[in-house]
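Coordinate inspection notes
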Amino acid sequence: MKKSSFVALILGTIGIVFFALGMCMALLPEWGMFNQGVICGVLGLVVLLITVMVWRKMEGKVPIKLNAKTIGAVLVGVMGALLLGVGMCLSMIFGKMILGIVIGLVGIIVLLMLIPLLKGVK
């Protein structure tokens, strides 16, 4: 394993743990830790962004350029993840199984749209 991959693995794991814990803290009312959860989740996102920058620097890659394609891909990814999450919540928490499955499948399809959007069809 390359040094850059190992560093990315460690930083990515730390970022994901903080983000996931923050989401649980913020979204579970039984815990009563909404504000702390938001802070923890944002901290996890910051660590994940730092991970991307550190990994690209260690690999000798150019920084990510912000253009319309990059911003569009991020928006499509966020929209797909949110739709998938809403579908899961509807199915598991609110008991609306059919609606949750349909919305979750739409989210999966939106996420699958990222492949041709980023790689193109040949």
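Rules used in this analysis
Residues numbered from 1 in each chain as written. Predicted model: local features only at pLDDT ≥ 70, side-chain atom pairs only at ≥ 80, totals over all residues. Heavy atoms only, no water. Helix = DSSP H or I, 4+ residues; strand = E, 2+ residues; numbered from the N terminus. Rg over C-alpha atoms; globule rule 2.2 N^0.38 Å. Buried < 20%, exposed > 50% of the residue type's maximum accessible area, 1.4 Å probe, protein only. Contact = heavy atoms within 4.5 Å. Areas by Shrake-Rupley, 256 points an atom, 1.4 Å probe, with all protein chains shown as cover. Salt bridge = Lys/Arg side-chain N within 4 Å of Asp/Glu carboxyl O. Axes fitted to C-alpha atoms, helices over the stretch in contact; angles between N-to-C directions. Parallel < 35°, antiparallel > 145°, perpendicular 65-115°, else oblique. Left-handed = near helix turned anticlockwise from the far one by under 90°. Nonpolar A, V, L, I, M, F, W, Y, C, P; charged D, E, K, R; others polar. Expected span 1.5 Å × (residues − 1). Arc of directions from axis to C-beta.

A word on the overall build of the protein
- What the protein contains, in helices and strands, is five helices and zero strands.
- When its helices and strands are written in sequence order, the protein yields α-α-α-α-α.
- At 17 Å, the protein has a C-alpha radius of gyration far larger than the 14 Å of a compact globule built from 122 residues.
- Along the first, second and third principal axes, the C-alpha set of the protein runs to 50 × 40 × 30 Å.
- Split into buried and exposed, the 122 residues of the protein put 20% on the buried side.
- Intrachain contacts of the protein at a sequence separation of at least 6 include 50% that bridge at least 24 residues.
- A total of about 9000 Å² of accessible surface is found on the protein, and carbon and sulfur atoms cover 80% of it.

Points about the pattern of salt bridges
- Under the counting rule described, the total for this entry stands at one salt bridge.
- Between lysine 2 and glutamate 59 there is a salt bridge; the shortest N-O distance is 3.1 Å. On the criterion of sequence distance, the pair formed by lysine 2 in the segment before α1 (3-27) and glutamate 59 in helix α2 (residues 34-59) is long-range, its members being 57 residues apart.

Focus: the environment of cysteine 40
- With respect to the helices and strands, the residue cysteine 40 is situated in helix α2.
- Classification of cysteine 40 as buried rests on a relative accessible area of 10%.
- Along the backbone, cysteine 40 and phenylalanine 19 are 21 residues apart, and their C-alpha atoms lie at a distance of 6.4 Å.
- Here cysteine 40 is in contact with Phe18, Phe19, Leu21, Gly22 and Met25, once residues within four sequence places are set aside.

Structural notes on the packing of α1 against α2
- With their axes 7 Å apart at the nearest point, α1 and α2 run at an angle of 165° to one another. When the interaxial angle is binned, α1 and α2 end up roughly antiparallel. α2 is crossed by α1, and the crossing has left-handed handedness.
- Each residue belonging to the contact of α1 with α2 can be placed in one class, and the counts come to 20 nonpolar, 10 polar and two charged.

Description of helix α4 (residues 97-112)
- The terminal C-alpha atoms of α4, which comprises 16 residues, lie 22 Å apart, in line with the 22 Å expected from a rise of 1.5 Å per residue.
- Listing the buried residues of α4 in full gives Gly100, Gly104, Gly107 and Val110. Seen end-on, α4 carries its buried residues on one side only, within an arc spanning 115°. Opposite the buried face of α4, at more than 90 degrees from it, the exposed residues are Ile98 and Ile109.
- Packed against the buried residues of α4 are α3 (68-92) and α5 (114-119).

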